[in-house]
Amino acid sequence: MGLWRRVRLIRLALTGLNEVDYSHYPSAGPQKQWLRAYLEAYKEHKGLGGPVTDHEVEVLYVQVNRFTLASHFFWGLVGFAFRPAFARIRL
């Protein structure tokens, strides 16, 4: 695969021309299961006693989703910032 073909594939991925399949994004249930496992491992590593509570999982779930939104917003801005640079590339 040539360099310009790879650049074009990257350009397509960054500009959102490919279809997005949101079914791959996990629902709240699997996210909270993962967060519970993460908190259990974290507490074990830090030597903190006691089981992970539903409240701790919910607090972390809200924090993670806030940062997810911030991340999407940031990458949206990056996309707009680099749009003129990609417009100059002739494929």
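Residue numbers run consecutively from 1 along every chain, following the written order of its sequence. Note on the predicted model: pLDDT of at least 70 is required for a residue's local features to be given, and 80 or more for side-chain atom pairs to be given and counted; whole-chain, interface and lining totals, by contrast, use all residues. The side-chain numbers reported here are obtained from all heavy atoms of the structure, hydrogens and water having been left aside.

Engineer: How would you explain the nonpolar core if you had to name every residue and give the values?
Structural biologist: Among the nonpolar cores identified, the biggest contains six residues, and these are Leu35, Leu39, Val52, Val57, Leu60 and Tyr61. Under the scheme used here, helices are H or I runs from DSSP no shorter than 4 residues and strands are E runs no shorter than 2 residues, and both carry numbers assigned from the N terminus. Contributions of two or more residues to this core are made by helix 2 (28-46) and helix 3 (54-87). Counting residues per element, this core draws most heavily on helix 3, which supplies three residues. In this view, leucine 35 contacts Val57, Leu60, Tyr61 and Val64; residues no more than four positions away in its chain are not counted. Put simply, a nonpolar core is a bunch of buried Ala, Val, Leu, Ile, Met, Phe, Trp, Tyr and Cys residues held in one set by side-chain atoms that sit within 4.5 Å of each other. Partly exposed residues are those whose accessible area sits between 20% and 50% of the maximum for their type, while under 20% is buried and over 50% is exposed, using a 1.4 Å probe and protein chains only. Note on contacts: a residue pair is in contact if any heavy atoms of the two residues lie within 4.5 Å.

Engineer: I'd like to hear about a nonpolar patch on the surface, residue by residue, with values.
Structural biologist: Residues Trp34, Tyr38, Tyr42 and Leu48 make up a contiguous nonpolar surface patch of about 460 Å² in total accessible area. For tryptophan 34, the location among the structural elements is in helix 2. Overall, tryptophan 34 belongs to the exposed group, its relative accessible area being 56%. Patch membership requires over 30% relative accessible area and the absence of a salt bridge. Like charges are linked within 9 Å, and nonpolar side chains (Val, Leu, Ile, Met, Phe, Trp, Tyr) within 5 Å. Surface accessibility follows the Shrake-Rupley procedure with a 1.4 Å probe radius. Residue values consider only the protein chains on display as shielding. Every case where a carboxyl oxygen of Asp or Glu lies within 4 Å of a side-chain nitrogen of Lys or Arg is listed as a salt bridge.

Engineer: Talk me through the confidence of the model for the chain; I want residue IDs and the actual numbers.
Structural biologist: Chain-level statistics for the chain give a pLDDT mean of 78 and a share of 68% at 70 or above. Across the chain, the element-wise mean pLDDT spans from 48 in helix 1 (residues 3-15) up to 93 in helix 2. This stretch, residues 1-9, has a pLDDT under 50; its non-local contacts, to residues over four places away or in other chains, come to seven contacts. Confidence of the predictor at the level of single residues is captured by pLDDT, which takes values from 0 to 100.

Engineer: Can you lay out the side chain of lysine 43 for me, pointing to particular residues and giving the numbers?
Structural biologist: Residue placement: lysine 43 occurs in helix 2. We classify lysine 43 as buried; its relative accessible area is 14%. For the purposes of these results, a polar contact is taken to be a pair of N or O atoms within 3.5 Å, where, inside protein, one atom must be able to donate a hydrogen and its partner to accept one; residues adjacent in sequence count only when each atom of the pair is a side-chain atom. At 3.2 Å, the side chain of lysine 43 and the backbone oxygen of proline 51 are in polar contact. Discounting residues that sit within four places of it in the chain, lysine 43 has contacts with Leu48, Gly49, Gly50, Pro51, Val52 and Glu56.

Engineer: Could you give an account of the pattern of salt bridges, naming the residues involved and the relevant values?
Structural biologist: Scanning the entire structure with this criterion turns up three salt bridges. Lysine 43 is the salt-bridge partner of glutamate 56, the closest N and O atoms lying 3.1 Å from each other. A residue pair is termed long-range when its members are at least 10 positions apart, and glutamate 56 in helix 3 and lysine 43 in helix 2 qualify at 13 residues.

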